[in-house]
Amino acid sequence: MVVGDGAMSVPARRAHATELLALALVPSAMGACALWEIDGAAGFTLLVVLVALALMFGTFEASRPGLRQLMVTVVLASVAAAGRVAFSALPYVKPVSAVAIVAGALLGRRSGFMVGALAALLSNVVFGQGAWTPWQMYAWGLVGYLAGELFAAPAHAEDCRGRPGGPSRLEAPGAGMTPAGGSAPGAAPLALVVYGLLSGPLYGLILNGWFVLGFVRPLTWQSVLLAYGQGIPFDLVHGVSTALFLTLLWLPWQRSLRRVLAKFDLG
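Summarised in this report is the structure supplied together with it. Predicted, not measured: the structure shown is a model, and the values here were computed from it.

Focus on the environment of Val126
Inference 1: Positionally, Val126 belongs in helix α5 (residues 109-127).
Inference 2: Owing to a relative accessible area of 57%, Val126 belongs among the exposed residues under this scheme.
Inference 3: Residues Val126 and Ala82 lie 44 residues apart in sequence; the distance between their C-alpha atoms is 9.8 Å.

Points about the nonpolar core
Inference 1: In terms of nonpolar packing, the biggest core is built from 66 residues, with Val26, Leu76, Phe113, Trp135 and Tyr138 touching the most fellow members.
Inference 2: Where this core is concerned, the elements lending two or more residues are α1 (10-36), α2 (41-62), α3 (67-86), α4 (96-107), α5, α6 (132-151), α7 (190-215) and α8 (221-263).
Inference 3: With residues near it in sequence (within four places) discarded, Phe113 still touches Leu23, Leu53, Met56, Phe57, Tyr138, Gly141, Leu142, Gly144 and Tyr145.

Some thoughts on the packing of α4 against α8
Inference 1: α8 packs onto α4 with a crossing angle of 40° between their chain directions and a minimal axis gap of 8 Å. One way to sum up the angle between α4 and α8 is to call them oblique. α8 is crossed by α4, and the crossing has right-handed handedness. Of the residues in α8, those in contact with Ser97, Ala98, Val99, Ile101, Val102, Ala105, Leu106 and Leu107 of α4 are His238, Thr242, Phe245, Leu246, Trp250, Trp253, Gln254, Leu257, Arg258 and Leu261.
Inference 2: Of the residues contributing to the contact of α4 with α8, the split by class is 13 nonpolar, four polar and one charged.

Things to note about the pattern of salt bridges
Inference 1: Taken as a whole and assessed by the stated rule, the structure comprises two salt bridges.
Inference 2: Two residues, Glu19 and Arg109, come together in a salt bridge whose shortest N-O distance is 2.7 Å. One end of the pair, Glu19, is in helix α1; the other, Arg109, is in helix α5, and 90 residues separate them in sequence.
Inference 3: You can call Glu19 buried: its relative accessible area is 0%.
Inference 4: Ionic pairing is found between Arg110 and Glu19, a salt bridge with its closest N-O pair at 2.6 Å. Here Glu19 lies in helix α1 and Arg110 lies in helix α5, a separation of 91 residues in the sequence. Like Arg110, the residue Glu19 is buried in the burial classification.
Inference 5: Shared partners join several salt bridges into a network, and the residues in it are Glu19, Arg109 and Arg110.

The rules behind each value
Residues numbered from 1 in each chain as written. Predicted model: local features only at pLDDT ≥ 70, side-chain atom pairs only at ≥ 80, totals over all residues. Heavy atoms only, no water. Helix = DSSP H or I, 4+ residues; strand = E, 2+ residues; numbered from the N terminus. Buried < 20%, exposed > 50% of the residue type's maximum accessible area, 1.4 Å probe, protein only. Core = buried A, V, L, I, M, F, W, Y, C linked by side-chain atoms within 4.5 Å. Contact = heavy atoms within 4.5 Å. Axes fitted to C-alpha atoms, helices over the stretch in contact; angles between N-to-C directions. Parallel < 35°, antiparallel > 145°, perpendicular 65-115°, else oblique. Left-handed = near helix turned anticlockwise from the far one by under 90°. Nonpolar A, V, L, I, M, F, W, Y, C, P; charged D, E, K, R; others polar. Salt bridge = Lys/Arg side-chain N within 4 Å of Asp/Glu carboxyl O.

Right, here's the structure in full:
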C-alpha cells in the first residue's frame, strides 16, 4: 500500500529491498567467481541465478496481484515470446527487451521483470531449454525491472498488492515529449529509446559473463576482453533493434495499455 505522496509502506519497502538484493546477488557472485577464479563457477552462479529468480517470483506472488493484473502481464509476456519466435530468422533482432521495457514503464517494476522472465521461459519451448534459460530469464527480467525503476511512478511504482501506482514518469509534462527532450509530441521519449539502446549491451554483459565463467579457460583479462569483444556487434544489433521496436510500439501500446488499466481499475 502507498502511504502519503511518494512514500511506501514498511512491507512495500521490505519487498523492494528484497528485490534489489536478489538482483544484486547475480553480478556479485559473477564478480567473486572471476576475481577468485572459483572452480565450478558456472554451476555456482547458475544456482545464484535460480535463487534470485525464486526471490523475484516470490515477491511478485507475495504482492497478491489481482487476476486482471496477472492477465495483462501474461499477455505481454506471451506477445514478447511470440515476437522472439517470429523474428528467429534475424539473430539478435528480438522484441523481448522492448516489450519488457514497455511493461516496466507502464505497469511497474515487478510486471516488467515478470514479462521479461516469462518471455524467455515461454519462447525457449521453441528454441530449447537449457542452462541458459535461467540466465535469459534473469537478464530480460532485469531489463524490464530497471525500466520500472527508471520510468514508472516515483518510489511507489507499485503498491504492496502489485498494482501500478500511477502514471509513468514519461507522462509527466515535458518528460521527453517535447523538443527539449529530443522527441516530437507523441513520439517515444528519448530517455526510453536511449535505455532501449543500452539494454542490448546490458543483456549481453550478463549472458557473455555466463559464457566467460563457464567456458573460457584460462580466465585472464585478455581472454575475458576477447570474449566480450566478440559479442559487441551482436549486443549493438540487439540494442539498436530494441530502440527501433520501442519507437514503433510506444505510442499505440501506451494508449492501449492505459485504456486497459482505466477500464479494469488497475492504475
